[in-house]
Amino acid sequence: QLGARAWMNSWFVEASFAYRSGDGDTSDGKDGSFQSYESVDQFLIIESADVGMDWDTNVRSLRFALGIQSADLGGAFRDVTVRLDAALFRFNEDLRSSTGSMLVGTSDDAIGNEIDVSMRWAYDDGLSFHLRGGALFGSDVLEKLTASGDRSALALVMGGTLKF
């Protein structure tokens, strides 16, 4: 993974490229794919293990982000982070079973393009709330896996964290 982040006061902008290899020959009895990072969930639908596809191998992506951190919006909203993320996700290798038969995706297919918006509000050091929404579109994988042939998906997550 290669990337950069630039800060301008409380604002930031990020750009990165990630490459996680796939298994070039699934029928040779050897797993040649990248053994994934766990808990990578920058993108709600494609990467999240909780609500998404948890796709973390055989993927390359070009990612961009823009946000503001520790914004003081007045009153109780004194520590707020708002972030917009966008990425293009593609396969590295054809998606095949352990016997070598073709599954849903080829290296020409798009896993999809995702745009996420997130907001985190820290009430104090022990209590924070978050709201995240994601939109996936242009997904050849979803089109081939769903009965309806949909190429898009939406997700919305709301929650909180309490630390003792």
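Each value, and the rule that gives it
- Residues numbered from 1 in each chain as written.
- Predicted model: local features only at pLDDT ≥ 70, side-chain atom pairs only at ≥ 80, totals over all residues.
- Heavy atoms only, no water.
- Core = buried A, V, L, I, M, F, W, Y, C linked by side-chain atoms within 4.5 Å.
- Buried < 20%, exposed > 50% of the residue type's maximum accessible area, 1.4 Å probe, protein only.
- Helix = DSSP H or I, 4+ residues; strand = E, 2+ residues; numbered from the N terminus.
- Contact = heavy atoms within 4.5 Å.
- Salt bridge = Lys/Arg side-chain N within 4 Å of Asp/Glu carboxyl O.
- Polar contact = N/O pair within 3.5 Å; in protein donor to acceptor, adjacent residues only side chain to side chain.
- pLDDT = per-residue confidence, 0-100.

On to the nonpolar core, then. By size, the foremost hydrophobic cluster in this structure holds 15 residues, and its most contacted members are Ile46, Trp55, Phe89, Phe91 and Ile111. Elements with a contribution of two residues or more to this core: strand E4 (80-91) and helix H1 (140-145). In this view, Ile111 contacts Ile46, Trp55, Asn58, Val59, Phe89, Arg90, Phe91, Leu136, Ser139 and Val141; residues no more than four positions away in its chain are not counted.

Turning to the environment of Lys163, a few remarks are in order. Position of Lys163 among the secondary structure elements: in the segment after strand E7 (153-162). A residue is classified by how much of its surface remains accessible, and Lys163, at 57% relative accessible area, is exposed. For the pair Lys163 and Ser128, spaced 35 residues apart in the sequence, the C-alpha separation amounts to 8.9 Å. Once residues within four sequence positions are removed from consideration, Lys163 is found in contact with Asp125 and Gly126.

Turning our eyes to something else, we now look at the pattern of salt bridges. A full pass over the atoms with the stated rule returns seven salt bridges. Residues Arg132 and Asp116 are paired through a salt bridge, measuring 3.9 Å at the closest nitrogen-oxygen approach. Of the two residues, Arg132 is situated in strand E6 (residues 127-137) and Asp116 in strand E5 (residues 110-122); the sequence distance between them amounts to 16 residues. Judged by relative accessible area, which is 18%, Arg132 ranks as buried.

Time to look at the side chain of Asp85. As for its position among the elements, Asp85 is in strand E4. A polar contact of 3.0 Å, which involves the side chain of Asp85, links it to the side chain of Gln42. There is a polar contact of 2.9 Å between the side chain of Asp85 and the side chain of Arg83. Excluding its chain neighbours within four sequence positions, the residues that come into contact with Asp85 are Gln42, Phe43, Phe64, Ala65, Glu114, Ile115 and Asp116.

The next subject is the environment of Met8. Inspection of the secondary structure puts Met8 in strand E1 (residues 2-8). Considered as a pair, Met8 and Ile68 are 60 residues apart in the sequence and their alpha carbons are 9.3 Å apart.

This part is about the confidence of the model for the protein. The predicted model of the protein averages 83 in pLDDT, with 76% of residues at 70 or higher. The least confident element of the protein is H1, whose mean pLDDT is 82; the most confident is E7, at 96.

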